[in-house]
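Structural overview for review
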Amino acid sequence: EDQVTQSPEALRLQEGESSSLNCSYTVSGLRGLFWYRQDPGKGPEFLFTLYSAGEEKEKERLKATLTKKESFLHITAPKPEDSATYLCAVQANTGGFKTIFGAGTRLFVKA
Amino acid sequence: KAGVTQTPRYLIKTRGQQVTLSCSPISGHRSVSWYQQTPGQGLQFLFEYFSETQRNKGNFPGRFSGRQFSNSRSEMNVSTLELGDSALYLCASSLGLAASYNEQFFGPGTRLTVL
């Protein structure tokens, strides 16, 4: 069964304390992996797309990496405004294209 | 450039009623996808429309349906509402089919409450 699992469910960091969020997946026919940020009461905001193992992408304090089984979202020296839910989604081609989202990691950054 | 807009933002209905939600994609985007987000199930894919045709469908009952107009605006309809349909319904647009590696841009969502 196609599955996307994110860990941890919640993460509390002090400002400046770097950490990583994990997204592991078991799908056949992976076409792409996406990271989104979602603030309360808003729709997800696109961050990155990764297509193949070994690929890395960076944006400000965020860096996403991809292996054959998982992806990491590294947050370097986070600030309180980075507090949000981070969602991982996998696009798979299994009997038709579909996008499967993980449950998300809620990040809290304290000043 | 205006983002994805969804109307209404909030909706309260009772069991058995039906509801229609609307989504206007970013100008120039031809694909519209619909998702249901609940605390228990997270984000789940409902369906995707491209050039007025449903191209992909998730595992939802037939009570959930949609359509897309020639201007790429899309509507989603839920008939015979159940309590479990209470959720945030999100619309996402992309230039082409989401399956073709296109980035998706989400609207703010419509919060549906079924009493």
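Data block above holds the structure.
Re empty space enclosed by the protein
In this structure the tally under the stated criterion is 2 cavities of 30 Å³ or more. Of the voids in this model, the largest cavity is the one considered here, and its volume is about 60 Å³. Lining the largest cavity are 12 residues, with Phe-97, Lys-98 and Thr-99 of chain A together with Glu-48 and Ala-98 of chain B positioned closest to its centre. Elements supplying a minimum of two residues to the lining of the largest cavity: β10 (97-101) of chain A together with β4 (31-38) and β5 (42-50) of chain B. Looking at the lining of the largest cavity, the element that brings in the most residues is β10 of chain A, giving 3 residues. Looking at the lining of the largest cavity residue by residue, the classes come out as 5 nonpolar, 5 polar and 2 charged. Roughly 40 Å³ of volume is contained in the second largest cavity.

Points about the interface of chain B and chain A
At the interface, 17 residues of chain B touch 16 residues of chain A. Around 1500 Å² of area is buried between chain B and chain A when both sides are counted, 54% of it from carbon and sulfur atoms. Connecting chain B to chain A are 1 residue pair in polar contact (both at pLDDT 80 or more). Those elements that place two or more of their residues in the side of chain B that touches chain A are β4, β5 and β9 (87-94) of chain B. Residue composition of the side of chain B that touches chain A, grouped by class: 10 nonpolar, 5 polar and 2 charged.

Concerning the sheet that holds strand β1 (residues 5-7) of chain B
Residue and element names in this part refer to chain B. Judged by pairing direction, the sheet is antiparallel, and its 4 strands sit side by side in the order β1-β3-β8-β7 without closing on themselves. The sheet is open, and its two edges are formed by β1 and β7 (64-68), each paired on a single side. Looking at each pair of strands side by side, their axes are set apart by 20 degrees on average, direction ignored. With 5 bridges joining them, strand β3 (residues 19-24) and strand β8 (residues 74-78) adopt antiparallel strand pairing.

Observations concerning the nonpolar core
The biggest cluster of nonpolar side chains holds 25 residues, and the ones touching the most others in it are Leu-33, Trp-35, Leu-73 and Tyr-86 of chain A. At the level of elements, β2 (10-14), β3 (19-26), β4 (30-38), β5 (45-50), β7 (62-66), β8 (70-75), β9 (84-93) and β11 (105-110) of chain A are the ones that each hand at least two residues to this core. Sorting elements by how many residues they give to this core places β9 of chain A first, with 5 residues. Leu-21, Val-32, Tyr-49 and Leu-81 of chain B belong to the second-largest nonpolar core, a separate cluster that totals 21 residues.

Thresholds applied
- Residues numbered from 1 in each chain as written.
- Chains lettered and ligands numbered in written order.
- Predicted model: local features only at pLDDT ≥ 70, side-chain atom pairs only at ≥ 80, totals over all residues.
- Heavy atoms only, no water.
- 1 Å grid on protein atoms, 1.4 Å probe; cavity = no way out; pocket = protein on both sides within 12 Å on 5 of 7 lines; lining within 4 Å.
- Points joined across faces, edges and corners; volume = space filled by probe spheres on them.
- Helix = DSSP H or I, 4+ residues; strand = E, 2+ residues; numbered from the N terminus.
- Nonpolar A, V, L, I, M, F, W, Y, C, P; charged D, E, K, R; others polar.
- Contact = heavy atoms within 4.5 Å.
- Buried area = accessible area lost by both parts, 1.4 Å probe.
- Polar contact = N/O pair within 3.5 Å; in protein donor to acceptor, adjacent residues only side chain to side chain.
- Pairing = 2+ DSSP bridges.
- Axes fitted to C-alpha atoms, helices over the stretch in contact; angles between N-to-C directions.
- Core = buried A, V, L, I, M, F, W, Y, C linked by side-chain atoms within 4.5 Å.
- Buried < 20%, exposed > 50% of the residue type's maximum accessible area, 1.4 Å probe, protein only.

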